[in-house]
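Chains, contacts and geometry: an overview
So you can see what is in the structure, the chains are spelled out below.
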Amino acid sequence: LVHGVYAPAESLRHGFFQAVSIMTTTGFASADFAQWPVPAQAILVFLMFIGGSAGSAAGGVKVVRWLILFAFLRREITRALHPRAVIPVRLGGRVVGEEALRQVSVFVFLYTLLFGFGTLALALLEGDFVVAFTASAQAIGNIGPGLGAVGPLGSYAELSPLSKLIPIPLMWAGRIELLPAIPLFTPELWRRLRV
(Lines give C-alpha, C1' and ligand atoms only; values in the text may rest on other atoms or scores of the structure.)
Protein backbone atom coordinates (compact mmCIF):
# COMPACT_ATOMS: atom_id res chain seq x y z
CA LEU A 1 0.00 0.00 0.00
CA VAL A 2 1.51 3.31 -1.09
CA HIS A 3 -0.19 6.34 0.53
CA GLY A 4 -3.56 4.55 0.69
CA VAL A 5 -3.33 3.39 -2.94
CA TYR A 6 -2.45 -0.13 -4.08
CA ALA A 7 0.60 -0.80 -6.20
CA PRO A 8 -0.37 -1.68 -9.82
CA ALA A 9 0.14 -5.45 -9.42
CA GLU A 10 -1.77 -5.45 -6.14
CA SER A 11 -4.59 -3.41 -7.70
CA LEU A 12 -4.96 -5.97 -10.49
CA ARG A 13 -4.93 -8.85 -8.02
CA HIS A 14 -7.57 -7.32 -5.74
CA GLY A 15 -9.69 -6.13 -8.67
CA PHE A 16 -9.63 -9.51 -10.40
CA PHE A 17 -10.33 -11.36 -7.15
CA GLN A 18 -13.31 -9.14 -6.29
CA ALA A 19 -14.74 -9.39 -9.82
CA VAL A 20 -14.55 -13.20 -9.78
CA SER A 21 -15.87 -13.37 -6.21
CA ILE A 22 -18.90 -11.24 -7.06
CA MET A 23 -19.71 -12.98 -10.35
CA THR A 24 -19.42 -16.43 -8.81
CA THR A 25 -21.28 -15.24 -5.69
CA THR A 26 -18.75 -16.72 -3.27
CA GLY A 27 -18.95 -13.72 -0.93
CA PHE A 28 -15.22 -13.42 -0.35
CA ALA A 29 -13.38 -10.11 -0.13
CA SER A 30 -9.64 -9.51 -0.27
CA ALA A 31 -9.97 -5.78 0.31
CA ASP A 32 -12.52 -3.19 1.43
CA PHE A 33 -13.84 -2.33 -2.03
CA ALA A 34 -16.36 0.02 -0.41
CA GLN A 35 -13.39 2.41 -0.13
CA TRP A 36 -12.39 2.08 -3.80
CA PRO A 37 -13.09 4.85 -6.34
CA VAL A 38 -16.69 5.08 -7.55
CA PRO A 39 -15.95 3.76 -11.09
CA ALA A 40 -14.42 0.59 -9.61
CA GLN A 41 -17.42 0.17 -7.30
CA ALA A 42 -19.78 0.72 -10.25
CA ILE A 43 -18.09 -2.12 -12.15
CA LEU A 44 -18.49 -4.44 -9.17
CA VAL A 45 -22.17 -3.49 -8.77
CA PHE A 46 -22.68 -4.13 -12.50
CA LEU A 47 -21.13 -7.58 -12.08
CA MET A 48 -23.61 -8.35 -9.27
CA PHE A 49 -26.32 -8.52 -11.92
CA ILE A 50 -24.36 -10.73 -14.32
CA GLY A 51 -24.02 -13.76 -12.08
CA GLY A 52 -22.28 -17.04 -12.74
CA SER A 53 -22.37 -19.57 -15.54
CA ALA A 54 -25.31 -21.82 -16.33
CA GLY A 55 -25.26 -25.04 -14.39
CA SER A 56 -23.17 -23.56 -11.59
CA ALA A 57 -24.33 -23.02 -8.03
CA ALA A 58 -23.66 -19.30 -8.43
CA GLY A 59 -26.50 -16.86 -7.97
CA GLY A 60 -27.49 -13.83 -10.01
CA VAL A 61 -29.26 -13.76 -13.33
CA LYS A 62 -26.56 -15.95 -14.97
CA VAL A 63 -24.56 -15.19 -18.08
CA VAL A 64 -26.56 -17.47 -20.40
CA ARG A 65 -29.82 -15.69 -19.59
CA TRP A 66 -28.26 -12.33 -20.48
CA LEU A 67 -26.94 -13.77 -23.76
CA ILE A 68 -30.39 -15.14 -24.63
CA LEU A 69 -32.11 -11.90 -23.62
CA PHE A 70 -29.80 -9.76 -25.75
CA ALA A 71 -30.17 -12.11 -28.73
CA PHE A 72 -33.95 -11.92 -28.28
CA LEU A 73 -33.78 -8.11 -28.08
CA ARG A 74 -31.65 -7.95 -31.23
CA ARG A 75 -34.19 -10.18 -33.01
CA GLU A 76 -37.12 -7.99 -31.94
CA ILE A 77 -35.37 -4.81 -33.10
CA THR A 78 -34.63 -6.45 -36.46
CA ARG A 79 -38.26 -7.61 -36.72
CA ALA A 80 -39.44 -4.05 -36.07
CA LEU A 81 -37.46 -3.01 -39.14
CA HIS A 82 -38.39 -6.10 -41.18
CA PRO A 83 -41.82 -7.32 -39.92
CA ARG A 84 -42.00 -10.33 -42.25
CA ALA A 85 -38.56 -11.66 -41.39
CA VAL A 86 -38.32 -15.05 -39.71
CA ILE A 87 -35.32 -14.80 -37.43
CA PRO A 88 -34.59 -17.60 -34.99
CA VAL A 89 -32.67 -16.77 -31.84
CA ARG A 90 -29.48 -18.81 -31.73
CA LEU A 91 -27.10 -19.49 -28.89
CA GLY A 92 -23.97 -21.48 -29.61
CA GLY A 93 -25.32 -22.40 -33.04
CA ARG A 94 -28.50 -23.91 -31.61
CA VAL A 95 -31.96 -22.39 -31.97
CA VAL A 96 -33.49 -21.23 -28.70
CA GLY A 97 -37.18 -22.09 -28.53
CA GLU A 98 -39.93 -19.55 -27.92
CA GLU A 99 -40.75 -21.17 -24.57
CA ALA A 100 -37.16 -20.66 -23.38
CA LEU A 101 -37.27 -17.03 -24.58
CA ARG A 102 -40.47 -16.49 -22.63
CA GLN A 103 -39.06 -18.08 -19.48
CA VAL A 104 -35.87 -16.00 -19.63
CA SER A 105 -37.85 -12.80 -20.19
CA VAL A 106 -40.18 -13.57 -17.27
CA PHE A 107 -37.26 -14.48 -15.02
CA VAL A 108 -35.36 -11.25 -15.73
CA PHE A 109 -38.55 -9.22 -15.32
CA LEU A 110 -39.36 -10.82 -11.94
CA TYR A 111 -35.73 -10.52 -10.81
CA THR A 112 -35.75 -6.81 -11.65
CA LEU A 113 -39.16 -6.28 -10.04
CA LEU A 114 -38.19 -7.96 -6.76
CA PHE A 115 -34.87 -6.14 -6.73
CA GLY A 116 -36.68 -2.82 -7.27
CA PHE A 117 -39.16 -3.48 -4.46
CA GLY A 118 -36.33 -4.47 -2.11
CA THR A 119 -34.34 -1.37 -2.99
CA LEU A 120 -37.32 0.91 -2.51
CA ALA A 121 -38.27 -0.63 0.84
CA LEU A 122 -34.72 -0.50 2.19
CA ALA A 123 -34.19 3.05 0.92
CA LEU A 124 -37.36 4.20 2.70
CA LEU A 125 -36.38 2.45 5.93
CA GLU A 126 -32.66 3.23 5.97
CA GLY A 127 -32.46 6.52 4.08
CA ASP A 128 -29.31 5.38 2.26
CA PHE A 129 -29.79 4.54 -1.41
CA VAL A 130 -26.34 2.96 -1.89
CA VAL A 131 -26.90 0.56 1.00
CA ALA A 132 -30.46 -0.17 -0.19
CA PHE A 133 -29.41 -0.76 -3.81
CA THR A 134 -26.44 -2.99 -3.07
CA ALA A 135 -28.11 -4.85 -0.18
CA SER A 136 -31.03 -5.75 -2.47
CA ALA A 137 -28.70 -6.73 -5.31
CA GLN A 138 -26.55 -8.90 -3.09
CA ALA A 139 -29.58 -10.45 -1.39
CA ILE A 140 -31.48 -11.50 -4.51
CA GLY A 141 -28.27 -12.59 -6.22
CA ASN A 142 -26.89 -14.27 -3.05
CA ILE A 143 -23.65 -12.43 -3.72
CA GLY A 144 -22.19 -11.55 -0.34
CA PRO A 145 -21.01 -8.04 0.46
CA GLY A 146 -22.57 -4.85 -0.88
CA LEU A 147 -21.41 -1.27 -0.33
CA GLY A 148 -21.60 1.15 2.56
CA ALA A 149 -22.78 -0.34 5.85
CA VAL A 150 -23.27 -3.75 4.19
CA GLY A 151 -19.84 -3.64 2.53
CA PRO A 152 -17.10 -6.26 2.84
CA LEU A 153 -16.02 -4.97 6.27
CA GLY A 154 -19.55 -4.08 7.38
CA SER A 155 -22.53 -6.14 8.43
CA TYR A 156 -26.29 -5.98 8.64
CA ALA A 157 -26.04 -5.27 12.37
CA GLU A 158 -26.37 -1.53 11.72
CA LEU A 159 -29.69 -1.94 9.89
CA SER A 160 -33.00 -1.64 11.71
CA PRO A 161 -34.79 -4.89 12.65
CA LEU A 162 -37.44 -4.30 9.95
CA SER A 163 -34.72 -3.67 7.34
CA LYS A 164 -33.13 -7.00 8.22
CA LEU A 165 -36.37 -8.77 7.28
CA ILE A 166 -36.47 -7.42 3.71
CA PRO A 167 -33.42 -9.30 2.34
CA ILE A 168 -34.73 -12.65 3.64
CA PRO A 169 -37.40 -13.24 0.95
CA LEU A 170 -35.03 -11.80 -1.67
CA MET A 171 -32.29 -14.27 -0.72
CA TRP A 172 -34.75 -17.13 -0.61
CA ALA A 173 -36.33 -16.33 -3.99
CA GLY A 174 -32.93 -15.75 -5.60
CA ARG A 175 -31.54 -19.01 -4.26
CA ILE A 176 -34.33 -21.18 -5.67
CA GLU A 177 -34.42 -19.31 -8.98
CA LEU A 178 -37.61 -17.20 -8.62
CA LEU A 179 -39.93 -19.09 -10.96
CA PRO A 180 -40.39 -22.05 -8.59
CA ALA A 181 -40.83 -19.62 -5.66
CA ILE A 182 -43.59 -17.41 -7.10
CA PRO A 183 -46.31 -20.13 -7.33
CA LEU A 184 -45.95 -20.71 -3.57
CA PHE A 185 -47.67 -17.37 -3.06
CA THR A 186 -50.64 -18.04 -5.34
CA PRO A 187 -54.00 -19.24 -3.98
CA GLU A 188 -54.37 -21.61 -6.94
CA LEU A 189 -51.45 -23.77 -5.78
CA TRP A 190 -52.84 -24.06 -2.27
CA ARG A 191 -56.30 -24.96 -3.62
CA ARG A 192 -54.75 -27.75 -5.68
CA LEU A 193 -52.86 -29.07 -2.67
CA ARG A 194 -56.07 -29.31 -0.61
CA VAL A 195 -57.80 -31.42 -3.25
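Residues numbered from 1 in each chain as written. Predicted model: local features only at pLDDT ≥ 70, side-chain atom pairs only at ≥ 80, totals over all residues. Heavy atoms only, no water.

**Things to note about the packing of helix 1 (residues 8-23) against helix 2 (residues 38-48)**
Applied cut-off: Axis angles are defined between N-to-C directions and span 0 to 180 degrees, where every axis is a line fitted to C-alpha atoms and, for a helix, only to the segment in contact. Labels follow the DSSP assignment, with helices taken as runs of H or I lasting at least four residues and strands as runs of E lasting at least two, numbered in each case from the N terminus. Roughly parallel covers angles under 35 degrees, roughly antiparallel covers those over 145, roughly perpendicular covers 65 to 115, and oblique covers all other angles. Handedness of a helix crossing follows the sense of rotation of the near helix relative to the far helix, less than a right angle counterclockwise being left-handed and clockwise being right-handed. Whether two residues touch is decided by their heavy atoms; if any such pair falls within 4.5 Å, the residues are in contact.
Running from amino to carboxyl end, helix 1 crosses helix 2 at an angle of 25°, the nearest separation of the two axes being 8 Å. Judged by the angle between their axes, helix 1 and helix 2 are roughly parallel. The interaxial crossing formed by helix 1 with helix 2 has right-handed handedness. The segment helix 1 lies against helix 2, with Gln-18, Ala-19, Ile-22 and Met-23 engaging Leu-44, Leu-47 and Met-48.

**With respect to the nonpolar core**
Which entries qualify depends on this criterion: Residues grouped as a nonpolar core are buried Ala, Val, Leu, Ile, Met, Phe, Trp, Tyr and Cys residues, joined through side-chain atoms within 4.5 Å. The rule is simple: take the accessible area with a 1.4 Å probe, protein chains only, and divide by the maximum for that residue type; under 20% is buried, over 50% is exposed, in between is partly exposed.
Ile-22, Phe-49, Val-108, Tyr-111 and Leu-178 are the most contacted members of the largest nonpolar core, which has 34 residues in total. In terms of residues, this core owes the most to one element, helix 4 (residues 98-126), which gives seven residues. If near-sequence neighbours (up to four positions away) are discounted, Leu-178 is found in contact with Phe-107, Leu-110, Tyr-111, Leu-114, Ile-140 and Ala-173. Core analysis: the second largest hydrophobic core is formed by seven residues, Val-131, Ala-132, Ala-135 and Leu-159 among them.

**Quick notes on a nonpolar patch on the surface**
Defined as follows: Within this analysis, patches are made of residues with over 30% relative accessible area and no salt bridge. Like charges are joined at 9 Å or less; nonpolar side chains (Val, Leu, Ile, Met, Phe, Trp, Tyr) at 5 Å or less. Per-residue accessibility takes into account occlusion by the displayed protein chains alone, with areas from the Shrake-Rupley method and a 1.4 Å probe. Should a side-chain nitrogen of Lys or Arg be within 4 Å of a carboxyl oxygen of Asp or Glu, the pair is scored as a salt bridge.
Nonpolar side chains collect at one region of the surface, where Trp-172, Ile-176, Leu-184, Phe-185, Trp-190 and Leu-193 lie side by side and expose about 610 Å² of accessible area between them. Of the residues examined, Leu-193 reaches a relative accessible area of 56% and is grouped as exposed.

**Description of the environment of Ala-19**
Here Ala-19 is to be found in helix 1. Residues Ala-19 and Met-48, spaced 29 residues apart in sequence, show a C-alpha to C-alpha distance of 8.9 Å. Not counting chain neighbours up to four residues away, the residues in contact with Ala-19 comprise Leu-44 and Leu-47.

**Looking at the pattern of salt bridges**
By the definition in use, this model includes five salt bridges. Of the charged contacts in the structure, one is a salt bridge between Arg-79 and Glu-76, with a shortest N-O distance of 3.7 Å. Of this pair, Arg-79 and Glu-76 are both found in helix 3 (residues 63-81), three residues apart, which corresponds to roughly one turn of the helix. In the salt-bridge network here, residues are joined through shared partners; they are Arg-75, Glu-76, Arg-79 and Glu-98.

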